[in-house]
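Listed below are the residues making up each chain.
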Amino acid sequence: LRRQRQMCIRDRRTMLNIKIICVGKLRERFYIDAFNEYARRLSAYCRFECAELNETKLGDKPSDKEIENALVRESADIEKAIPKDAYVIAMCVGAKQLKSEELAQKINSLALSGRGKICFIIGGSFGMAESVKQRADMRLGMSEMTFPHHLARVMLTEQIYRSFKIIEGSRYHK
């Protein structure tokens, strides 16, 4: 079993592709540095990519209709960025939460089942359109607490890295 688990992360010919689609761009240096560090570490385990999409600008007090229209515009860009045949995980407030070990198990089972592409989606300040959530194969919550979207990106990237370390049997997770 351990040999089988390690195969999913060691064989370069069948290396897993992981993409994070994010609405909004990282601006603060400390978020950029942290994200880049985990992205660098992930390169040993998968082909990792992050697509930053433009967030629709809204005023200080947007109406529900303005928010809905912005989410619809953003959803079109999200749909275009999703890789063909990818297993899509939408990061949603209030969705099912997983322990680190459970996320590792999910990533490993997808890799072993032949799903070579996993795509995580992080919406913008107002979340993501319902159509994107419905398109997802899974909805995943990070916490019942609220985090800035930029920090959520760093946290998700770290958890993906942690998942590979768990699969590998490394001490990093301890």
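The structure displayed is predicted, hence computed values, not measured ones. (Residues numbered from 1 in each chain as written. Predicted model: local features only at pLDDT ≥ 70, side-chain atom pairs only at ≥ 80, totals over all residues. Heavy atoms only, no water.)

> I would appreciate a short explanation of the nonpolar core in the present structure.
A general trend in soluble globular proteins is that nonpolar side chains are found buried together. Ile18, Phe120 and Phe164 are the most contacted members of the largest nonpolar core, which has 34 residues in total. Only strand 1 (17-23), helix 2 (29-42), strand 3 (87-91), helix 4 (100-112), strand 4 (117-122), strand 5 (138-140) and helix 6 (149-168) provide two or more residues apiece to this core. It is helix 6 that provides the largest number of residues to this core, a total of 7 residues. (Core = buried A, V, L, I, M, F, W, Y, C linked by side-chain atoms within 4.5 Å. Buried < 20%, exposed > 50% of the residue type's maximum accessible area, 1.4 Å probe, protein only. Helix = DSSP H or I, 4+ residues; strand = E, 2+ residues; numbered from the N terminus.)

> Got a minute to help me understand unusual backbone geometry in this structure?
The phi angle of most residues is negative, glycine excepted, and most peptide bonds adopt the trans form. Located in the positive-phi region is Asp85, a residue other than glycine, with phi close to 70 degrees. Tracing the backbone through its elements, the reader meets Asp85 in the loop between helix 3 (64-81) and strand 3. The exposure class assigned to Asp85 is exposed, which follows from its relative accessible area of 58%.

> What should I look at first to understand helix 6 in this one?
Working note: α-helix, 3.6 residues per turn, so residues spaced by three or four point in the same direction. Between the first and last C-alpha of helix 6 there are 29 Å, a value that for 20 residues agrees with the 28 Å anticipated at 1.5 Å per step. Within helix 6, 15 of the 20 residues are buried, leaving the element largely enclosed by the surrounding structure. Where helix 6 terminates, the next one or two residues include Gly169, which has phi positive at roughly 85 degrees. (Expected span 1.5 Å × (residues − 1).)

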